[in-house]
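Listed here are the chains, written in short residue letters.
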Amino acid sequence: MYAYLFSSSSASSSSSEASKKVLVVDLDGTLLNESSRVSDRVAKALLEASKDDSTLIVIATGKARPAAKAALATNPLLKDSRIVSESSPGIFLNGGASYGENGVPLIDDALPVECVRKAFEQKYDEEFALTAFTSDDRCLALRSSPFLDELHERYHEPKCEILATVDDIIAQSRGQVKKMLLIGPNKDAVDDYSSKFSKLFIDAGDGALVTRAVATMLEVVPKNVDKSRALSALLDSLVLANESSDRNYRLVVVGDGDNDAGMIEFAASMNTDGIEGFGVAMGNASFSSRNAASVVLDETNADDGVAVAIERFIL
């Protein structure tokens, strides 16, 4: 579907300007505003960028693919968009589920069963909620919570199914839990619990790591899962690194969370052999993302920062 983007036939007549552009955008805290919706300005900027056959838009998010599609559809202008589809490239579940040209799977990682068991057997305060995301786009938990309801209603994730035991979760997921999400009542409570929660997996040497995209949520993903790894695999799959293809292109990555820092740094460091890389941190970005960026916007996700980045680096 997108291979033509990287063939010599798509090259611009101007040697001083990138002939191809790849825009990689996070969702929560970046493309989505504080109401977890796409503003009109951002939607219009995305549509304008998508009109250019030499521009590829890739969503890179901690969300599952159906949730990402639902998030874009919060703006009617994007309801019929193909930016997220089963036949388009995309980086989901923080890179644990990643797709290349024509939606071909590139990365399909799952958490070790022992890691899932350890997390769900841990005792949590009543104000915390834990859920597991499966390979067939389900959310499973052991107890209901208003936070899990909000995960569905505000963040567009599947409605959580409540099961009786940890063994039920492992059986229902067929041992294919892609990530787990621990949700707390506020940032301070999650900050206080973060070290203890991470230690669960460090002590046992489990193949998992803990990251954060939203202030009140801790995400447990397979050890090697990272958006930058997924982005590298995606670029390779689209023959961007192929010596026989035109290497004159611009890579723009926009994000805000700790889980975006790796791919922001990846883009910021790509400025060789005709490749222009821009690692863009939002005005509301975490310290790690700001530190990794080559550009830090003044505008936040509440100020249509993604539209600003598109207008500045893509259009």
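Here is a short report on the structure shown in this document. What you see is a predicted model, and the numbers here were worked out from it, not measured in a lab.

Analysis parameters
- Residues numbered from 1 in each chain as written.
- Predicted model: local features only at pLDDT ≥ 70, side-chain atom pairs only at ≥ 80, totals over all residues.
- Heavy atoms only, no water.
- Helix = DSSP H or I, 4+ residues; strand = E, 2+ residues; numbered from the N terminus.
- Rg over C-alpha atoms; globule rule 2.2 N^0.38 Å.
- Buried < 20%, exposed > 50% of the residue type's maximum accessible area, 1.4 Å probe, protein only.
- Contact = heavy atoms within 4.5 Å.
- Phe/Tyr/Trp six-rings, centres within 6.5 Å; stacked < 30°, edge-to-face > 60°.
- Lys NZ or Arg CZ within 6 Å of the ring centre and 35° of its normal.
- Core = buried A, V, L, I, M, F, W, Y, C linked by side-chain atoms within 4.5 Å.
- Pairing = 2+ DSSP bridges.
- Right-handed = clockwise from strand over helix to strand, strands pointing away.

1. Observations concerning the overall build of the protein chain
No. 1: In terms of regular secondary structure, the protein chain is built from eleven helices and 14 strands.
No. 2: Here the C-alpha atoms of the protein chain give a radius of gyration of 19 Å, agreeing with the 20 Å that 2.2 N^0.38 yields for 315 residues.
No. 3: On the principal axes, the C-alpha backbone points of the protein chain span a range of 60 × 35 × 35 Å.
No. 4: Per-residue burial for the protein chain yields a buried fraction of 56% across its 315 residues.
No. 5: Nonlocal contacts in the protein chain, meaning residues at least 24 apart in sequence, comprise 66% of its contacts between residues at least 6 apart.

2. Some words on the packing of aromatic side chains
No. 1: Inspection of every chain in the model, using the stated rule, returns seven aromatic pairs.
No. 2: Consider the rings of Phe92 and Tyr99, whose centres lie 6.1 Å apart with planes at 55°: the pair is tilted.
No. 3: On the basis of relative accessibility, which here comes to 17%, the residue Tyr99 falls in the buried class.
No. 4: Aromatic pair Phe197 and Phe201: ring centres 5.5 Å apart, planes at 90°, arrangement edge-to-face. With Phe197 and Phe201 both in helix α7 (residues 187-204), this residue pair falls four residues apart, about one helical turn. Neither residue differs from the other here; Phe197 and Phe201 are each classed as buried.
No. 5: Joined through ring pairs, the aromatic side chains of Tyr124, Phe128, Tyr193, Phe197 and Phe201 make up one cluster.
No. 6: The positively charged end of Arg65 is found above the aromatic ring belonging to Tyr99, 4.0 Å away from the centroid.
No. 7: In this arrangement the basic side chain of Lys179 is found over the ring face of Phe133, its NZ or CZ atom lying 4.8 Å from the centre.

3. Observations concerning the nonpolar core
No. 1: One finds Leu23, Leu31, Leu46, Leu72 and Val280 to be the most contacted residues of the largest nonpolar core, which totals 51 residues.
No. 2: Filtering out sequence-adjacent residues up to four positions away, Leu31 remains in contact with Val25, Asp26, Arg37, Val38, Val42, Leu46, Ile59, Leu72 and Val306.
No. 3: Of all hydrophobic cores here, the second largest spans 26 residues; its members include Cys115, Phe128, Met180 and Tyr193.

4. Notes on the pairing of strand β12 (residues 249-255)
No. 1: When you tally the buried positions in β12, you get seven out of seven residues, the bulk of the element.
No. 2: Alternating positions in β12 separate into two faces, Tyr249, Leu251, Val253 and Gly255 on one and Arg250, Val252 and Val254 on the other, with burial throughout.
No. 3: Bridge analysis of strand β1 (residues 20-25) against β12 gives six bridges, and the strand direction is parallel. Bridged to Val22 within β12 is Leu251.
No. 4: By the bridge criterion, seven bridges tie β12 to strand β13 (residues 275-281) in an arrangement that is parallel. In the strand pairing of β13, Leu251 is matched with Gly277.
No. 5: As for the winding sense of the linkage, the β-α-β connection from β12 through helix α9 (residues 261-268) to β13 is right-handed.

5. Thoughts on unusual backbone geometry
No. 1: Located in the positive-phi region is Leu93, a residue other than glycine, with phi close to 50°.
No. 2: By the secondary structure assignment, Leu93 is in the loop between β3 (90-92) and β4 (97-99).
No. 3: Located in the positive-phi region is Arg174, a residue other than glycine, with phi close to 55°.
No. 4: One can find Arg174 in the loop between α6 (166-172) and β9 (177-183).
No. 5: Classification of Arg174 by relative accessible area gives exposed; the value is 57%.

So far we have only geometry, and geometry alone does not tell us how the molecule works.
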